[in-house]
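If you want the building blocks of each chain, they are given just below.
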Amino acid sequence: MSTARYDGSTSIKAVILDYGQVLVRCPTAQEFGRMAEMFNLSFESFYELWEASRGPYDRGDLTAEQYWLKLAAETDSSINREQIEILRQVEIEIWTHADRDMLDWLSQLRAARFKTGLLSNMPVDLMTYVLANFQWMENLTFKTFSCEVRMLKPEPAIYDHSLRGLGVAAAEALFVDDRENNIQAARTLGMRALQFRSVAQLKDELAALGFPILPAVAGSTSTVSGAGQEIKFQLERGRATPD
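Small disclaimer: the values here were computed from a predicted structure and weren't measured.

Let's talk about the confidence of the model for the chain
Averaged over all residues, the pLDDT of the chain is 89; the fraction at 70 or higher stands at 86%. Low pLDDT (under 50) marks residues 220-227, which in the prediction has 19 contacts with non-local residues, meaning those over four places away or in another chain. Here residues 233-243 is modelled with pLDDT under 50, and outside its nearest four sequence neighbours on either side it reaches 22 contacts, counting other chains as well.

Some points on the packing of aromatic side chains
If you walk through the whole model with that rule in mind, you get 17 aromatic pairs. With centroids separated by 4.9 Å and ring planes inclined at 70°, the aromatic side chains of Tyr67 and Trp68 adopt a geometry described as edge-to-face. Like Tyr67, the residue Trp68 is buried in the burial classification. On the numbers, 5.9 Å between centres and 85° between planes, the contact of Tyr129 with Phe134 is edge-to-face. Among the aromatic residues, those joined into a cluster by ring pairs are Phe32, Phe43, Tyr47, Trp50 and Trp95.

Considering the side chain of Ser162
Note on placement: Ser162 falls in helix α8 (residues 156-166). In contact with Ser162, other than residues within four places in its own chain, are Ile16, Leu119, Phe142 and Thr144.

Reading the values: the criteria
- Residues numbered from 1 in each chain as written.
- Predicted model: local features only at pLDDT ≥ 70, side-chain atom pairs only at ≥ 80, totals over all residues.
- Heavy atoms only, no water.
- pLDDT = per-residue confidence, 0-100.
- Contact = heavy atoms within 4.5 Å.
- Phe/Tyr/Trp six-rings, centres within 6.5 Å; stacked < 30°, edge-to-face > 60°.
- Buried < 20%, exposed > 50% of the residue type's maximum accessible area, 1.4 Å probe, protein only.
- Helix = DSSP H or I, 4+ residues; strand = E, 2+ residues; numbered from the N terminus.

What follows is the structure, encoded as structure tokens:
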């Protein structure tokens, strides 16, 4: 994917990052399987339903109880209050595996006096947990959560909210996200944007852009997007089933 070279004519003052599959890794098929089993679904069926149903929940239109009961109704299954609490806890657990290389880069950006933003489609449960438990969130200058602002990526308004909170123009911001539609929306608004697939790939594209602060790659074969790519591959091959 080609990107416009950063020539310094308009300096980047802020870096805005997605949460899932950028700052934290995607859950594995086995981790998603813990939830799938409660609906008596295969991993493939549950994951596709989960992906398709997130919008209203991430935007804050549904409570956690309403969301999980809705999924149960759509799968002709029945879950009780205790099971709903388990589902809520499992979903938090599987989305809290931070990527050390990305967190180190975030610290470097803040030390270099770049403004740093979080722009995430995230439900209330997960937002509450990460704010209460992750000290590294303090390295973020401004945080935009979909459930708080009642907007979702790739809606233009949520990007505008993040830019206003950071006090920068679109041309002064670099956006990193794992989803192509979110990247394209950012570019339409005039932001520089890179689609994240791994720390090594991000480092290479930042270097090609001429960006001065690059993430270090620790040498581990696992990447934030690795699990997500594995899930996509397994779904395409029809082989993704939890143990």
